[in-house]
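Examining the three-dimensional arrangement
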Amino acid sequence: MPTPSSSATAREARTLPFRSIVPRLVRDPIKALGDIGTEADGEIVRLNLGTFRPLLVTHPDHVQHVLRGNVANYARDGVFWRPLRRLFGGSVLSDGEIWEVSRATLQPLFAAKHVESLAGAMAETVADAVAALGETAGQERPVDAAAELARIVNKTVIRLFFGDRITPEESERLIPAHDAIATSIVSRLLLPLVPESVPLPGDRAFREAVRTFDSVMVPLVHGYTPSPGDGRDVFSLLCRTRDAQAGSLPPSWVRDNMVAMFAAGTETTVVALTWLWPILDRHPHVEARLREEIGRVVGGERVRPDHLPGLVYTRMVIQELLRLYPVGWMLPRVVVEPETLGGVRLRAGETVLISPFLTHRLPSVWDRPLEFDPERFAPGRGEHRHRYAYFPFGGGPHQCMGTHVFNMEAQFIVAAMLSAFRPALAAPVPPTPRAAASLRPRQSVIMTLRPAAHATAHGAS
Ligand code: HEM
């Protein structure tokens, strides 16, 4: 059987013509890509976007080859990553040596064992944040789900991973800045060949948001004095490595990694959980089962680590949410050396687009791919599934470092929210994604939070 990189019968990728795809992509980029992925159904195809002609790679075997099998030949670089460099240039979100030292420095903080040791503190922080939400969202005043989730996630991530070095006021300033970044970068991502000297919509909002990040991160980095102690937080780990490497890392390294970790750790979780409410609104039977489980396991108590093993259906719902709406929906790579993949010739310097969003919707890989069905993730199901049929957290050496954090935090948040409230959407929200750096709902999710039956027993202790 030929391997993904066998070159015996190399051919050119089928090219989808400019005139048929560009109008669709301009009208609705995510829908167009989704349709193109479904039509190609695993075949590698080339998108003719004029001077830019990336290859769409969606088959699980091919994804595995790019993210893991021959990862050294697929650099996390190129036109899509360039605009983001202004935000977190040389960090754990880059590639090469800087990525390697960043990852090695931060990895221990995110290992399963260490994250489990933080479960008690995480549950406490989530329970307090959800109780505080009850105070502000009383009287059924409509709230913006993303903004409220950002508050909860920020408190958790800041407390556990930044060791309170960023104050609550500062993190409140970073939330809208982060939001602005994810949406303002879209024109740069959609028009990757336009030089930075040519202004595009969103550029100014992006620059302002970067300034806001710098106004928090730069004084923090400058205020640091050597020997930061043995703190187990992102900032202390970065500073210790920089000291130990005696000047071999650029001065911006700590700042870039702080921004990268804040961005990777907050936005993703917030956006992922924002999708939950429109989905529950459309699937009352899922909501009823979720509510039954949470009522039985958590009831009127504050969430605790020992509730987690009982939250089986909650986990299934979150996994299915990340199948249909994987926040990190586009993982572009650049080919380093020419090679053959799936019988198709790849040239050095070409862009390869890997997308969990597309692979998770392939009709040849998933039964009823567009249907929201948590049963796919019932215990014991999916044992024969290809490792790269489902990869919301990527894979290989760049696999998401926050997987354990997310899995635990998301269960705590969903359980705490649904045991305290009966959220109801102010108006139905179509489950349609909007093109942004992360896969977010096109419309704001506005909801009211009526207290749940046992919510009275739920105040912060
Ligand atoms: C819903 C939640 C999340 C999703 C869907 C997600 C998804 C991803 C994906 C797809 C990648 C791979 C990027 C690539 O291959 O180019 C990634 C990388 C990363 N994620 Fe996450 N992530 C989530 C939450 C988090 C959290 C909570 C943290 C930290 C607290 C985090 C930290 C990181 C870091 C540091 C990387 C870069 C790893 C590397 O390149 O070595 N993520 N994430």
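Residue numbers restart at each chain and count upward from 1, following the sequence in its written direction. Residues qualify for local features only when their pLDDT is at least 70, as the model is predicted, and side-chain atom pairs are given and counted only at 80 or more; totals for whole chains, interfaces and linings, by contrast, use all residues. Computation of side-chain values: all heavy atoms of the structure, hydrogens and water removed.

**Observations concerning the side chain of Ser 91**
Labels follow the DSSP assignment, with helices taken as runs of H or I lasting at least four residues and strands as runs of E lasting at least two, numbered in each case from the N terminus. Topologically, Ser 91 is positioned in the loop between helix 4 (82-88) and helix 5 (96-110). Within 3.5 Å is the distance limit for a polar contact, defined as a pair of N or O atoms, with the added protein rule that one can donate a hydrogen and the other accept it, and that residues adjacent in sequence qualify only through two side-chain atoms. Among the polar contacts made by the side chain of Ser 91, one reaches the main-chain carbonyl oxygen of Phe 88 at a distance of 3.0 Å. Contacts were defined at the residue level, with two residues in contact if any of their heavy atoms lie within 4.5 Å. In this structure Ser 91 touches Ile 98, Trp 99, Ser 102, Asp 256, Asn 257 and Ala 260, once residues within four positions along its chain are discounted.

**Some points on helix 5**
To estimate how far a helix should extend, the number of its residues minus one is multiplied by 1.5 Å. With 15 residues, helix 5 should cover 21 Å at 1.5 Å per step; its first-to-last C-alpha distance of 21 Å lies within 8% of that length. At Ala 104, helix 5 shows its largest kink, close to 30°, and the proline Pro 108 lies no more than four residues downstream. Exposure classes here rest on a 1.4 Å probe applied to the protein chains alone. A residue is buried below 20% of its type maximum, exposed above 50%, and partly exposed in between. The complete set of buried residues in helix 5 reads Trp 99, Val 101, Ser 102, Arg 103, Thr 105, Leu 106, Leu 109 and Phe 110. By definition, a residue's bend is the angle between the axes fitted to the seven residues ending there and the seven starting there.

**Some words on the coordination of the iron atom of the ligand**
Looking at the iron atom of the ligand, one finds just one donor atom contributed by the protein, Cys 400 (SG), at 2.3 Å. Within the secondary structure, Cys 400 is located in the loop between helix 17 (356-359) and helix 18 (403-420). Coordination here is defined by N, O and S atoms within 2.8 Å of the metal (3.2 Å for Na, K and Ca), and since water is not considered, a site can look incomplete.

**A few points about the site of the ligand**
Near the ligand you find 25 residues, and of these Arg 76, Trp 99, Arg 103, Arg 333 and Cys 400 are the closest. In the environment of the ligand, an oxygen atom lies 2.6 Å from a nitrogen or oxygen atom belonging to the side chain of Trp 99. Between the ligand and Arg 333 there is a distance of 2.7 Å, counted from an oxygen atom to a side-chain nitrogen or oxygen. Of all elements in the fold, only helix 5, helix 13 (253-274) and strand 6 (331-335) reach the threshold of two or more residues within the shell around the ligand. The element contributing the most residues to the shell around the ligand is helix 13, with 6 residues. For this classification, Asp, Glu, Lys and Arg are treated as charged, while Ala, Val, Leu, Ile, Met, Phe, Trp, Tyr, Cys and Pro are nonpolar and the rest, including Gly, are polar. Residue composition of the shell around the ligand, grouped by class: 15 nonpolar, 7 polar and 3 charged. We call a residue near a molecule or strand whenever a single non-hydrogen atom of that residue lies within 4 Å of it.

**Some details on the pairing of strand 6**
The element strand 6 is extensively covered by neighbouring structure, given that 5 of its 5 residues are classed as buried. The side-chain alternation of strand 6 yields two buried faces, one formed by Leu 331, Arg 333 and Val 335 and the other by Pro 332 and Val 334. For strand 4 (residues 74-75) and strand 6, the ladder comprises 2 bridges, and the chain directions are antiparallel. Bridged to Tyr 74 within strand 6 is Val 335. Here a strand pair is declared whenever DSSP counts at least two bridges between the two strands.

**Topic: the sheet that holds strand 5 (residues 143-144)**
Strands sit in the order 5-13-10 across an open sheet of 3 strands; the sheet is antiparallel. In this open sheet, the two edge strands, each paired with only one partner strand, are strand 5 and strand 10 (421-425). One ladder, built from 2 bridges, connects strand 5 with strand 13 (residues 446-451); its direction is antiparallel. Its bridge partner being in strand 13, Asp 144 is matched across the sheet by Ile 446.

**Some thoughts on the environment of Phe 235**
Along the chain, Phe 235 falls in helix 12 (residues 234-244). Classification of Phe 235 by relative accessible area gives buried; the value is 2%. Phe 235 sits 129 residues away from Leu 106 along the chain, and the two C-alpha atoms are 9.5 Å apart. Apart from residues no more than four positions distant in its own chain, Phe 235 is found in contact with Arg 165, Leu 220, Val 221, Tyr 224, Val 254 and Met 258.

**A closer look at the sheet that holds strand 3 (residues 55-57)**
Pairing is mixed across the open sheet formed by 6 strands, whose spatial order is 1-2-3-9-6-4. A strand with exactly one partner marks an edge of an open sheet, and here the two such strands are strand 1 (14-16) and strand 4. Alignment of strand 6 against strand 9 (residues 351-354), held across 4 bridges, turns out to be antiparallel. Among the inter-strand pairings, Leu 331 is bridged to a residue of strand 9, identified as Ile 354. Throughout, an axis means a line fitted to C-alpha atoms (over the contacting stretch in the case of helices), and angles, computed between N-to-C directions, take values from 0 to 180 degrees. Sheet strands touched by helix 3 (residues 60-69): strand 3, strand 4, strand 6 and strand 9. Its angle to strand 9, the strand with the most contacts, is close to 120°.

**A closer look at the packing of helix 12 against helix 13**
At a minimum axis separation of 10 Å, helix 12 and helix 13 run at an interaxial angle of 155°. One element, helix 12, and the other, helix 13, form an angle in the roughly antiparallel class. Every pair of crossing elements has a handedness; the one defined by helix 12 and helix 13 is right-handed. Contacts from Val 234, Phe 235, Leu 238, Cys 239, Thr 241 and Arg 242 of helix 12 reach helix 13 at Trp 253, Val 254, Asn 257, Met 258 and Met 261. When grouped by side-chain class, the residues that make up the contact of helix 12 with helix 13 number 8 nonpolar, 2 polar and 1 charged. Relative orientations are named as follows: roughly parallel for angles under 35 degrees, roughly antiparallel for angles over 145 degrees, roughly perpendicular for angles from 65 to 115 degrees, and oblique for any other angle. Two helices cross in a left-handed way if the nearer one is turned anticlockwise from the farther one by less than a right angle. They cross in a right-handed way if the turn is clockwise.

**Remarks on the confidence of the model for the protein chain**
Confidence scores per residue from the predictor, reported as pLDDT, run from 0 to 100. For the protein chain, the mean per-residue pLDDT works out to 89, and 95% of the residues sit at or above 70. For residues 456-461, every residue scores under 50 in pLDDT, and the model assigns this stretch 15 contacts once sequence neighbours within four places are set aside.

**Section: the pattern of salt bridges**
Pairing between side chains of opposite charge can happen when the charged atoms of each approach one another. For this document, the term salt bridge refers to a Lys or Arg side-chain nitrogen within 4 Å of an Asp or Glu carboxyl oxygen. Summed over all chains, the structure comprises 24 salt bridges. A salt bridge links Arg 442 to Asp 28; the shortest N-O distance between them is 2.9 Å. Of this pair, Arg 442 sits in the loop between strand 12 (440-441) and strand 13 while Asp 28 sits in the loop between helix 1 (18-27) and helix 2 (29-40), and the two are 414 residues apart along the sequence. For Asp 28, a relative accessible area of 17% gives the class buried.

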